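# Analysis of the macromolecular model
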Amino acid sequence: MAAESFSLHLPALVSMCILALASSTDFNFPAVFNFGDSNSDTGGLIAGLGIRLDLPNGQTYFKAPSGRFCDGRLIIDFLMDAMDMPFLNPYLDSIGAPIFRKGCNFAAAGSTVPVTVNAVSPFSFRIQVDQFLHFKARVLQLLAKGKKFDKYIPQEDFFTKGLYMFDIGQNDVAGAFYSKSFDQVVASIPAILVEFETGLKSLYDQGARNVWIHNTGPVGCLPQNLARFGTDPSKLDEMGCLSNHNQAAKLYNLQLHALAIKLRGQYPDANITYVDIFSIKSNLIANYSRYGFEQPLMTCCGYGGPPLNYDGRISCGQTKIIDGTSVTVKACDDSTEYVIWDGIHYTEAANEFVSSQILTGRFSDPPFADKMASLMKNKF
């Protein structure tokens, strides 16, 4: 399938997915509360730290930087659109009178699950949960003042009826390799998930009953990690990705899945869905040409040329002196041909593919939309 035809068909497929969902599972959530890292950050880190994120970030859809580390929309944007809901405003962005009626995004790029010294983001999952607690308390205070704030904030029952989404762990797994051996990284996973479980329980105590947990993707396929750790070919798998990094991600996901099952047993009144993002993204990278892409591992907006076009000294959109020469990092001519945007994050085209696969329900536990199998099997 050509990249152009893929781009034309996918929005229609997303629409078909949500129509099937409406008949097979309750997707009528009044609000969404999201927690995570850059995979779902719609502007939190940029607002919270006041840092710059320049074009070409945002060029594809927003036509300007949107606070997303992407050329356009993220997976969460496509999911919100599929639920016929507006994009989530970041909790940390106070400019433009943000409306939180349909939910709030607490995700921040660079975030880890536990508080981590010298992390890119100070907004760990623990902090994001604390921000939610403050957000909810403040909302209830405003609701008590009358209806004048109704169009800006959620209603009280939205905190119980809403969907709580989680996409965090990538930085915990990938970042650990910079200071730990493979065995040490694996040994650190249980403590990370204890912290995650503590946060989930806090949210349950605050009324969270609809929980959607994304596992972490194949971090060994990110050019940032390949450039740093992939110089020895023996460390790479058949896809050209780092074997140890991906194995650590799989072990993290295995324990995360076990936690989701455990929590279902503890909280039978909660709907807890585990989504296998790793399998979706691995399938995309392994079979990229089938899905209309041409470059599975090379960076679209990067510097250095093939095979990775990534240099950790300079980021997408930046201008710096590199080896005595002024360099400005620009985007590739056609980002729809690339899976990877900036060496760490996916392009809008790749995010659209991933979201379409999520919406089939086939990568979820428990699965949903069984009828989607026959509808989708000949589409990709």
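The text that follows walks through the structure, step by step, so that each part is easy to find. As the structure is a prediction and not an experimental result, all values here were calculated from the model.

Attention now moves to the state of the cysteines. For the structure shown, the criterion picks out three disulfides. Sulfur-sulfur distance for the disulfide between Cys221 and Cys241 comes to 2.1 Å. Taking the sign of the torsion about the S-S bond as the criterion, the disulfide between Cys221 and Cys241, at about 110°, is right-handed. Of this pair, Cys221 sits in the loop between strand S4 (210-214) and helix H8 (223-229) while Cys241 sits in the loop between H8 and helix H9 (243-266), and the two are 20 residues apart along the sequence. You can call Cys221 buried: its relative accessible area is 0%. Relative accessible area serves as the criterion here: at 0%, Cys241 is assigned to the buried category. Each disulfide pairs two cysteine sulfurs, and for Cys300 the partner residue is Cys332, the sulfurs being separated by 2.0 Å.

Looking now at the pattern of salt bridges. When the charged atoms of two side chains with opposite charge come close together, those side chains can pair. Enumeration over the complete set of coordinates arrives at 11 salt bridges. In this structure, the salt-bridge partner of Lys201 is Glu197, at a minimum N-O distance of 3.1 Å. Highlighted residues: Lys201 and Glu197, both in helix H7 (residues 182-205), separated by four residues, approximately one helical turn. Take Glu197: its relative accessible area is 11%, and that puts it in the buried class. Note that Glu197 is salt-bridged to Lys262, the shortest N-O span being 3.0 Å. Remark: Lys262 occurs in helix H9 and Glu197 occurs in helix H7; sequence separation between them is 65 residues. By relative accessible area, which is 41% here, Lys262 ends up partly exposed. Three or more residues joined by partner-sharing salt bridges are found here, namely Glu197, Lys201 and Lys262.

The next subject is the sheet that holds S4. Each strand in a sheet pairs with another by means of backbone hydrogen bonds, the pair being arranged parallel or else antiparallel. If you walk across this open sheet you meet the six strands as S2-S1-S3-S4-S5-S10, and the pairing is mixed. The open sheet has two free edges, formed respectively by strand S2 (103-105) and strand S10 (364-365), since each of these has just one partner strand. Bridge count between strand S3 (residues 163-167) and S4: four bridges; the pairing is parallel. Across the sheet, Phe166 pairs through a bridge with Ile213, a residue of S4. Where helix H4 (residues 125-143) meets the sheet, its contacts fall on strand S1 (32-36), S2 and S3, and the angle it forms with S1 comes to roughly 155°.

Among the 11 residues that make up helix H11 (residues 348-358), 11 are buried, leaving the element largely enclosed by the rest of the structure. Among the residues making up H11, those that are buried are Glu348, Ala349, Ala350, Asn351, Glu352, Phe353, Val354, Ser355, Ser356, Gln357 and Ile358.

Attention now moves to unusual backbone geometry. Backbone torsion omega between Leu55 and Pro56 reads 15°, so that peptide bond is classified as cis. Mapped onto the elements of the fold, Pro56 is located in the loop between helix H2 (44-49) and helix H3 (75-82). Residue Pro307 is bonded to the preceding Pro306 through a cis peptide linkage, with omega at 5°. Mapped onto the elements of the fold, Pro307 is located in the loop between strand S6 (295-299) and strand S7 (319-322). The backbone of Lys63 shows a phi angle near 65°, a positive value even though the residue is not glycine. Summarising the element assignment, Lys63 is placed in the loop between H2 and H3. Residue Lys63 is classed as exposed on the basis of its relative accessible area, which comes to 60%. Its identity as a non-glycine residue notwithstanding, Asp84 has a phi of 60°, on the positive side. Structurally, the position occupied by Asp84 is in the loop between H3 and S2.

Scoring rules and cut-offs
- What you see as residue numbers is a count from 1 along each chain, following the sequence as written.
- Predicted model: local features are reported for residues with pLDDT of at least 70 only, side-chain atom pairs are reported and counted for 80 or more only, and whole-chain, interface and lining totals are derived from all residues.
- Side-chain metrics in this entry use all non-hydrogen atoms of the structure; hydrogen atoms and water are not considered.
- For this text, the term disulfide refers to a pair of cysteine sulfurs within 2.5 Å.
- Secondary structure follows DSSP: runs of H or I at least 4 residues long count as helices, runs of E at least 2 residues long count as strands, and numbering of each begins at the N terminus.
- When a residue's accessible area, from a 1.4 Å probe over protein chains only, is under 20% of the maximum for its type it is buried; when over 50% it is exposed; and in between it is partly exposed.
- Salt bridges are defined by distance alone: a side-chain nitrogen of Lys or Arg within 4 Å of a carboxyl oxygen of Asp or Glu.
- A strand pair is defined by DSSP finding two or more bridges across the two strands.
- Two residues form a contact once any of their heavy atoms are found within 4.5 Å.
- In this description, a line fitted to the C-alpha atoms serves as the axis of each element, helices being fitted only across the stretch in contact, and the angle between N-to-C directions of two axes falls anywhere from 0 to 180 degrees.

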